[in-house]
Amino acid sequence: MRRKLAAGNWKMNGTSADLAQIETLARTHVGAISEILIAPPATLLHRASEITRTGPVTLGAQDCHASGSGAHTGDISAAMLLDAGASYVILGHSERRGDHAEQDSDVSAKASAALGAGLRVIICMGEALQEREAGNTLDIIASQLAGSVPDDVSGENLVIAYEPIWAIGTGKVPSLAQIGEVHDFLRARLEQRFGAQTARAVRLLYGGSVKAANAEQIFAIPNVDGALVGGASLTADDFTPIINALDAI
Ligand code: PGA
């Protein structure tokens, strides 16, 4: 069965002092049933990896370049992230798509590079509010899934995060039925494209304003295999009840 995944996306937050949060999580969740992932800024990956080497926390990065090396000032390759201690990389987050005009084809190329380097990928997708209100959510998800996920994935190295843009950092969350509808759709589309065995193994995360107060309800939805959490992953105090809610499912 799919192992549940509680993933924390720190975005552009965190300096050395915040490594203590990762240390606390690693200490608190020894023996956790769920997989626990923190994606700190790249500057903290190496030091975080020294803390998490033996514990229950794995590490991810928040982006990578599609090339393996070369003249790309300021960018970081997948192999460098792996070397720094990451085992996952988040790709296609709506903030990357918005801030850096990343297209589905860019996300797919980055995912291929990451998989080639030996990272697992968490590929994000989700609709804007106008798209939901216009009734286009499933069309948007279908085209992001088709365009952002490369062919060379397996059930083990692919995670998909459904993150409605309007729910990120806003405190607004779709209804449980709306989340369930998208996750069921994702599972069915994965099955069509990759076959039942692969589709059954891919973990589908919900992301957007997940916090202790709503985690239990969200995790009870079929086809929700965990969460990608932003703000509520920044401290161990906030993230721990979310991990515990996932462990309790
Ligand atoms: P949020 O962010 O939990 O702060 O809404 C989620 C995300 O962007 O991954």
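Residues numbered from 1 in each chain as written. Predicted model: local features only at pLDDT ≥ 70, side-chain atom pairs only at ≥ 80, totals over all residues. Heavy atoms only, no water.

**Q** Which parts of the structure should I look at to understand the sheet that holds strand β5 (residues 120-125)?
**A** Taken together, eight strands build a closed barrel; the order of strands is β1-β2-β3-β4-β5-β6-β7-β8 and the barrel is parallel. On average, each strand axis in the sheet is tilted by 25° relative to the strand beside it, whichever way the strands run. Looking at chain direction, strand β3 (residues 57-61) and strand β4 (residues 88-91) are connected through two bridges and run parallel. Bridge assignment links Ala 61 to a residue of β4, and that residue is Val 89. (Pairing = 2+ DSSP bridges. Helix = DSSP H or I, 4+ residues; strand = E, 2+ residues; numbered from the N terminus. Axes fitted to C-alpha atoms, helices over the stretch in contact; angles between N-to-C directions.)

**Q** Would you take a moment to explain the site of the ligand for this structure?
**A** The environment of the ligand is made up of 13 residues, and the closest members are Lys 11, His 93, Glu 163, Gly 169 and Ser 209. At 2.7 Å, a side-chain N or O of Lys 11 approaches an oxygen atom of the ligand. The contact in question runs from an oxygen atom of the ligand to an N or O atom on the backbone of Gly 230, over 2.8 Å. Its free accessible area being 280 Å², the ligand has 94% of it covered by the protein chains. Split into classes, the residues belonging to the shell around the ligand amount to four nonpolar, seven polar and two charged. (Near = heavy atom within 4 Å. Polar contact = N/O pair within 3.5 Å; in protein donor to acceptor, adjacent residues only side chain to side chain. Areas by Shrake-Rupley, 256 points an atom, 1.4 Å probe, with all protein chains shown as cover. Nonpolar A, V, L, I, M, F, W, Y, C, P; charged D, E, K, R; others polar.)

**Q** Any chance you could explain the pattern of salt bridges here in plain terms?
**A** Counted under the stated rule, the structure contains 11 salt bridges. Glu 102 is the partner of Arg 96 in a salt bridge, and the nearest nitrogen-oxygen pair spans 3.0 Å. What makes Glu 102 buried here is its relative accessible area of 7%. With its nearest N and O atoms 2.7 Å apart, the salt bridge here joins Asp 151 to Arg 193. Remark: Arg 193 occurs in helix α8 (residues 176-194) and Asp 151 occurs in the loop between α7 (137-148) and β6 (158-162); sequence separation between them is 42 residues. Connected through salt bridges with shared partners, the residues Asp 63, Arg 96, Glu 102 and Lys 110 form a single ionic network. (Salt bridge = Lys/Arg side-chain N within 4 Å of Asp/Glu carboxyl O. Buried < 20%, exposed > 50% of the residue type's maximum accessible area, 1.4 Å probe, protein only.)

**Q** What exactly am I supposed to notice about helix α5 (residues 104-117) here?
**A** Residue pairs three or four apart in sequence face the same way in an α-helix, which turns once every 3.6 residues. Relative to the 20 Å expected for 14 residues at 1.5 Å per residue, α5 spans 20 Å between its end C-alpha atoms, a close match to the ideal helical length. Residues Val 107, Ser 108, Lys 110, Ala 111, Ala 114 and Leu 115 constitute the buried set of α5. Considered in projection along α5, the buried side chains sweep an arc of 165° and stay on one side of the axis. Across α5 from its buried face, at more than 90 degrees, point the exposed residues Ser 105 and Gly 116. Taken from the residues just after α5, Gly 118 is the one with a positive phi, measuring 100°. (Expected span 1.5 Å × (residues − 1). Arc of directions from axis to C-beta.)

**Q** Help me understand the packing of α7 against α8 in this model?
**A** The description of two helices packed together rests on the angle between their axes and the distance between the axes. Interhelical geometry of α7 versus α8 gives an angle of 40° and a closest axis separation of 11 Å. Taken together, α7 and α8 sit at an angle that is classed as oblique. Taken as a pair, α7 and α8 cross one another with a handedness that is right-handed. Contacts between α7 and α8 involve Thr 137, Leu 138, Ile 141, Ala 142, Leu 145 and Ala 146 from the first element and Glu 181, Val 182, Phe 185, Leu 186, Arg 189, Leu 190 and Arg 193 from the second. Its residues assigned to classes, the contact of α7 with α8 shows nine nonpolar, one polar and three charged. (Parallel < 35°, antiparallel > 145°, perpendicular 65-115°, else oblique. Left-handed = near helix turned anticlockwise from the far one by under 90°. Contact = heavy atoms within 4.5 Å.)

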